[in-house]
Structure formats: C-alpha cells, structure tokens
Amino acid sequence: GDSVTQMEGPVTLSEEAFLTINCTYTATGYPSLFWYVQYPGEGLQLLLKATKADDKGSNKGFEATYRKETTSFHLEKGSVQVSDSAVYFCALRGDDFNKFYFGSGTKLNVKP
Amino acid sequence: EAGVAQSPRYKIIEKRQSVAFWCNPISGHATLYWYQQILGQGPKLLIQFQNNGVVDDSQLPKDRFSAERLKGVDSTLKIQPAKLEDSAVYLCASSPEGRGAEAFFGQGTRLTVV
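Residues numbered from 1 in each chain as written. Chains lettered and ligands numbered in written order. Predicted model: local features only at pLDDT ≥ 70, side-chain atom pairs only at ≥ 80, totals over all residues. Heavy atoms only, no water.

1. Structural notes on unusual backbone geometry
- In this model, A:Gly9 is joined to A:Pro10 through a cis peptide bond whose omega is 0°.
- Its place among the elements puts A:Pro10 in the loop between strand 1 (3-6) and strand 2 (11-14).
- Between B:Ser7 and B:Pro8 the backbone carries a cis peptide bond, its omega angle lying at -10°.
- One non-glycine residue, A:Glu16, adopts positive backbone phi at about 80°.
- By relative accessible area, which is 61% here, A:Glu16 ends up exposed.
- The phi dihedral of A:Lys60 is positive, around 55°, even though this residue is not glycine. (Helix = DSSP H or I, 4+ residues; strand = E, 2+ residues; numbered from the N terminus. Buried < 20%, exposed > 50% of the residue type's maximum accessible area, 1.4 Å probe, protein only.)

2. A few points about the layout of surface pockets
- Approximately 710 Å³ is the volume attributed to the largest pocket.
- Along its surface, the largest pocket is lined by 32 residues, and A:Gln38, B:Gln37, B:Leu39, B:Gly40 and B:Arg110 are the ones closest to its centre.
- When contributions to the lining of the largest pocket are tallied by element, the ones reaching two or more residues are strand 10 (86-93) and strand 12 (106-111) of chain A together with strand 9 (88-95) and strand 11 (109-113) of chain B.
- Sort the elements by how many residues they give to the lining of the largest pocket and strand 11 of chain B lands first, with four residues.
- Broken down by class, the residue content of the lining of the largest pocket amounts to twelve nonpolar, 15 polar and five charged.
- Estimated volume of the second largest pocket: approximately 230 Å³. (1 Å grid on protein atoms, 1.4 Å probe; cavity = no way out; pocket = protein on both sides within 12 Å on 5 of 7 lines; lining within 4 Å. Points joined across faces, edges and corners; volume = space filled by probe spheres on them. Nonpolar A, V, L, I, M, F, W, Y, C, P; charged D, E, K, R; others polar.)

3. Thoughts on the pairing of strand 5 (residues 32-38) of chain A
Residue and element names in this part refer to chain A.
- Counting buried positions along strand 5 gives seven out of seven residues, so the element sits mostly inside the fold.
- Burial along strand 5 is two-sided: the face carrying Ser32, Phe34, Tyr36 and Gln38 and the face carrying Leu33, Trp35 and Val37 are both buried.
- In this sheet, strand 10 lies alongside strand 5 in antiparallel orientation, the contact comprising seven bridges. Looking across to strand 10, one finds that glutamine 38 is bridged to valine 87.
- Inspection of the sheet shows strand 5 paired to strand 6 (residues 45-50) by five bridges, in the antiparallel sense. Residue pairing across strands places tryptophan 35 opposite leucine 48, the latter belonging to strand 6.
- The loop that links strand 5 with its antiparallel partner strand 6 comprises six residues; one of these, glycine 41, has a positive phi angle of about 75°. (Pairing = 2+ DSSP bridges.)

4. Quick notes on the side chain of B:Arg69
All names here are of chain B.
- Residue position: arginine 69 is located in strand 7 (residues 65-69).
- Within the structure, arginine 69 has its side chain in polar contact with the backbone oxygen of alanine 30 (distance 2.6 Å).
- At 2.9 Å, the side chain of arginine 69 forms a polar contact with the backbone oxygen of glycine 72.
- Residues within four places of arginine 69 in sequence aside, it is in contact with Pro25, His29, Ala30, Thr31, Leu32, Phe49, Gln50, Asn51, Asn52, Asp74 and Ser75. (Polar contact = N/O pair within 3.5 Å; in protein donor to acceptor, adjacent residues only side chain to side chain. Contact = heavy atoms within 4.5 Å.)

5. Considerations on the nonpolar core
- Judged by nonpolar contacts, the single largest core of 26 residues is most densely connected at A:Leu19, A:Trp35, A:Leu47, A:Leu48, A:Phe73, A:Leu75 and A:Tyr88.
- Elements supplying a minimum of two residues to this core: strand 2, strand 3 (19-21), strand 4 (23-26), strand 5, strand 6, strand 8 (62-65), strand 10 and strand 12 of chain A.
- With four residues, the single largest contributor to this core is strand 10 of chain A.
- Not counting residues within four places of it along the chain, the set of residues in contact with A:Leu19 comprises A:Val11, A:Leu13, A:Phe62, A:Leu75, A:Glu76, A:Lys77, A:Val80 and A:Leu108.
- Counting 21 residues, the second-largest nonpolar core is a separate cluster that includes B:Phe21, B:Cys23, B:Trp34 and B:Leu60. (Core = buried A, V, L, I, M, F, W, Y, C linked by side-chain atoms within 4.5 Å.)

6. Looking at the state of the cysteines
Residue and element names in this part refer to chain B.
- Across all of its chains, the model carries two disulfides over all chains by this definition.
- Two residues, cysteine 23 and cysteine 92, share a disulfide whose sulfurs are 1.9 Å apart. In this structure the cystine formed by cysteine 23 and cysteine 92 twists about its S-S bond by roughly -70°; its chirality is therefore left-handed. With cysteine 23 in strand 3 (residues 19-24) and cysteine 92 in strand 9, this residue pair connects regions lying 69 residues apart in the sequence. (Disulfide = S-S within 2.5 Å.)

Structural data, given as structure tokens:
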C-alpha cells in the first residue's frame, strides 16, 4: 500500500543554517504530496504541497520539489530561524479514496 | 472560514471507563478523518468517512472503538472500555474533494488513561 518514510530526528541546527529533511514515498498512481508542521502545543497545519511531478511547493522560505523519478519530496530551507522549531510531517494523498498517509515526523530544534 | 472544531481539548479517565470525542468539520467538506497520534509518532488513521459512509476503518480497534458521522456532518469517536495504551492525541481532519486538496486539522483531544 501507499506509505511515506522520512528521516528520523531530532535535527538540531544553529540559526541561519541550511535545512534538509528527507522524505520518500511509495504509492500506486499519482499521489499529491504535502509537508505539514506542528508547532509546540498546536495542531497540524499545511506548510506546502505539490500535486504533480516536478512541481515545487513553497511557503515561508521552505521549498520541496516532487521528484517522481526518485519518489522523493525533500523539505529544504536556506536559513532557519528559532521560530522554525517544530515537528515536520511529510504526507501523501493517494488516488485511492483520497486517503492521507503521514510519515513519523521529524523534530527540528533551532538554537540561537 | 471556521476551522475544524474538536471537543474536549483534554480528557483524563481511568482504564475501563468510556470516553467520547466530538468533531465538527469545515462546512462542505465531504471527507472526515480521525487519527490517533501517540507521543513522538506520526498520525495514524483510525477511520475515514466520505459523507456519512465509511471508506476505511481497517485500523480501528473495533472491539473498543466506534465512530459515526451523522447526516454527513458532525462526527463522534468513542472508546469503551479504555486501555492505558489509548493515551494519545485524537485528531479530526476534514478535506474537500479534488486532487491535491489538503486536509484541515482540528486542535485535537489529548486523552490520558490512568
């Protein structure tokens, strides 16, 4: 069945460092891909998405490109801030009845 | 636009007691999801409704969990009897139809079973 695998955390970076969080997926058909973020004490909220191959989603300085050839959707940011400290979830929405599948989450800690 | 509403926000019960969670999705969203999120893990789908029909409940422990979606709108998730391992955050989400449509999440209900 469809699934998402993302790198384990926690990831600890200094402010202004470059961030990459890896995400790969397995899916039949043509899924849509998402990154959600969960700030401390808050619910999940959409960070960005991409719906077809080679699409790039972007928001708040974060980017991710839908790579069908490598079945990947890695999250990147050129310069992280302390306020980016949160848990990041990669997710896919399959063609099969619109099911959402989530990865296990990657906790990001950004130090001043 | 109002978001997904869930209640209660927190609940503490003893094992073997029963508990119910309520969710009001965003108006017009056909799909409603209930997820269980154990501390340190990603959300695990318990049940998915399309309007008021069940699309997937393969991971719902049906001996103790039940869920319904009345008139294709509000939904309740019930646990009876609760076990210690049911301690988790229960998330409700809704989504409109359409390719690439995102899921909108409520704040969740944090359940502690003691």
